[in-house]
Amino acid sequence: MAGRGFTSSTQSIPDISQGPRHVAIIMDGNGRWARKRFLPRMAGHTRGVEALRGTIRAAIERDVEYLTVFAFSSENWRRPAEEVSFLMQLFIKSLQKEVSRLHENGIRFRVIGDRSRFEPALVKAIEAAEALTAGNTRLHLSVAANYGGRWDVLAAANRVLAKNPGAREIDEEALAAELSMSFAPEPDLFIRTGGEQRISNFLLWQLAYTELYFTDTLWPDFDSGTLDTAIASYRERERRFGRTSEQLTPARTVAASRDSDMECHA
Ligand code: IPE
Ligand code: IPE
Ligand code: MG
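Overview of the structure. Worth saying up front: this structure is predicted, and the values here are computed from it rather than measured.

1. So, the sheet that holds strand 5 (residues 189-192)
At step 1: Strand order in the open sheet formed by six strands is 3-4-2-1-5-6, with parallel pairing between adjacent strands. Looking along the sheet, the strands with just one partner apiece sit at the ends: strand 3 (107-112) and strand 6 (211-214). Along the sheet, successive strands turn relative to each other by an average axial angle of 20°, direction set aside.
At step 2: Where strand 1 (residues 22-26) lies against strand 2 (residues 66-73), five bridges are found, and the strand directions are parallel. In the strand pairing of strand 2, His-22 is matched with Tyr-66.

The structure is reproduced here in structure tokens:
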């Protein structure tokens, strides 16, 4: 998009008036949504897919370029086998059902996470969806599945070492290039639904300077209105990345606007 550079958000200050380029969401609260209605947890997961469909549409309408959602964590294998298996089947079914619509809408689909534990049918469905949508650029949709932030950092470090046998040190740039989200700028806005205020091993490296937003809304109830509230909160933030307010764009510091020639340097 014009005027939006491709540098890491920790190196340059994004213009918040343009809204977030990259939104990362922990979609939490499906089980509680179902329990409130005396339904099985699985009903909450099924409704969660619908909430995701609406969120993708809303993100496109709001010019979000990257949407990254946490669907299944590396810790979620600890859940009852029946629920794990339901979630895996739901993933396959949703992919099969939605992939052509994603493609028609210009969405590039990716899965981030360790696929080695997935059954072959799921791996095949993921690979087919990624291949079909590989040329799309309207929205980069990444689904984190069997994903863990620690796994991501360690896997990246191991890839750097494998490429540089005998290396004694790893630098930030080399590591970042091997992370599963290396294709994207770091998230501008992180949203967690469901009321918990924790990161739960999501994008540990990439969230270093992301603006965090927590809401009690349960994921199946999340809609364009909730997204707008989160984006409105984001627009009120001042992203300083270690600098002082006065160092930011002179226009924003009214008193200093006349005599300040300070600009924000990356
Ligand atoms: C999020 O909802 C979906 C997954 C983790 C797969 P939960 O299933 O965690 O719902 P709660 O937190 O129990 O309500
Ligand atoms: C985090 O949700 C992972 C996903 C939404 C997929 P959980 O509901 O599993 O998180 P914790 O374990 O309660 O923090
Ligand atoms: Mg939960």
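2. Notes on the packing of helix 2 (residues 41-61) against helix 3 (residues 81-104)
At step 1: In the contact formed by helix 2 and helix 3, the axes pass within 11 Å of each other and the chain directions differ by 30°. When the interaxial angle is binned, helix 2 and helix 3 end up roughly parallel. Considering only the axes of helix 2 and helix 3, their crossing is right-handed. Side by side, helix 2 and helix 3 meet where Arg-41, Met-42, His-45, Thr-46, Val-49, Arg-53 and Ile-56 of the first sit next to Glu-82, Glu-83, Phe-86, Leu-87, Leu-90, Ser-94, Lys-97, Glu-98, Arg-101 and Leu-102 of the second.
At step 2: Of the residues assigned to the contact of helix 2 with helix 3, the class counts are seven nonpolar, three polar and seven charged.

3. Description of the site of ligand 2
At step 1: In the region of ligand 2, the neighbouring residues are Ile-26, Met-27, Asp-28, Phe-70, Ala-71, Phe-72, Ser-73, Asn-76, Arg-79, Arg-192, Arg-198 and Ser-200.
At step 2: In the model, an oxygen atom of ligand 2 is placed 3.2 Å from a nitrogen or oxygen of the Arg-192 side chain.
At step 3: Contact distances for ligand 2 include 2.6 Å between an oxygen atom and a side-chain N or O atom of Arg-198.
At step 4: In the complex, the protein chains occlude 80% of the 380 Å² of accessible area that ligand 2 would expose alone.
At step 5: For the shell around ligand 2, the leading source of residues is strand 2, giving four residues.
At step 6: Residue classes in the shell around ligand 2 are distributed as five nonpolar, three polar and four charged.

4. Remarks on the pattern of salt bridges
At step 1: All told, the structure shown has 19 salt bridges when counted by the stated rule.
At step 2: Between Arg-53 and Glu-98 there is a salt bridge; the shortest N-O distance is 2.7 Å. With Arg-53 in helix 2 and Glu-98 in helix 3, this pair connects stretches of sequence that are 45 residues apart.
At step 3: By relative accessible area, which is 25% here, Arg-53 ends up partly exposed.
At step 4: Between Glu-196 and Arg-198 there is a salt bridge, with its nearest N and O atoms 3.6 Å apart.
At step 5: A network of salt bridges, in which partner residues are shared, links Asp-28, Arg-32, Arg-192, Glu-196 and Arg-198.

5. A word on the packing of helix 3 against helix 4 (residues 120-132)
At step 1: Running from N to C, helix 3 and helix 4 cross one another at 15°; their axes reach a closest spacing of 10 Å. If you check the angle between helix 3 and helix 4, you find them roughly parallel. Judged by the sense of rotation from one axis to the other, the crossing of helix 3 with helix 4 is left-handed. Touching Met-88, Phe-91, Ile-92, Leu-95, Val-99 and His-103 of helix 3 are Ala-121, Leu-122, Ala-125, Ile-126, Ala-129 and Leu-132, all from helix 4.
At step 2: When the residues that make up the contact of helix 3 with helix 4 are grouped by side-chain class, the tally is 11 nonpolar, one polar and no charged.

6. Topic: a negative patch on the surface
At step 1: A surface patch of negative charge is lined by Glu-169, Asp-171, Glu-172 and Glu-173.
At step 2: Turning to its location among the elements, Glu-172 is positioned in helix 6 (residues 172-178).
At step 3: On the basis of relative accessible area, Glu-172 is assigned to the exposed category, the value being 55%.

7. Brief notes about the side chain of His-140
At step 1: Within the secondary structure layout, His-140 lies in strand 4 (residues 139-147).
At step 2: If we ignore the near neighbours within four places in the chain, the residues touching His-140 are Glu-65, Tyr-66, Leu-67, Arg-108 and Arg-110.

What counts as what
Residues numbered from 1 in each chain as written. Chains lettered and ligands numbered in written order. Predicted model: local features only at pLDDT ≥ 70, side-chain atom pairs only at ≥ 80, totals over all residues. Heavy atoms only, no water. Pairing = 2+ DSSP bridges. Helix = DSSP H or I, 4+ residues; strand = E, 2+ residues; numbered from the N terminus. Axes fitted to C-alpha atoms, helices over the stretch in contact; angles between N-to-C directions. Parallel < 35°, antiparallel > 145°, perpendicular 65-115°, else oblique. Left-handed = near helix turned anticlockwise from the far one by under 90°. Contact = heavy atoms within 4.5 Å. Nonpolar A, V, L, I, M, F, W, Y, C, P; charged D, E, K, R; others polar. Near = heavy atom within 4 Å. Polar contact = N/O pair within 3.5 Å; in protein donor to acceptor, adjacent residues only side chain to side chain. Areas by Shrake-Rupley, 256 points an atom, 1.4 Å probe, with all protein chains shown as cover. Salt bridge = Lys/Arg side-chain N within 4 Å of Asp/Glu carboxyl O. Buried < 20%, exposed > 50% of the residue type's maximum accessible area, 1.4 Å probe, protein only. Patch = residues over 30% accessible without salt bridge, like charges linked within 9 Å, V, L, I, M, F, W, Y side chains within 5 Å. Lys, Arg positive; Asp, Glu negative; His and termini not counted. Charge placed at Lys NZ, Arg CZ, Asp CG, Glu CD.

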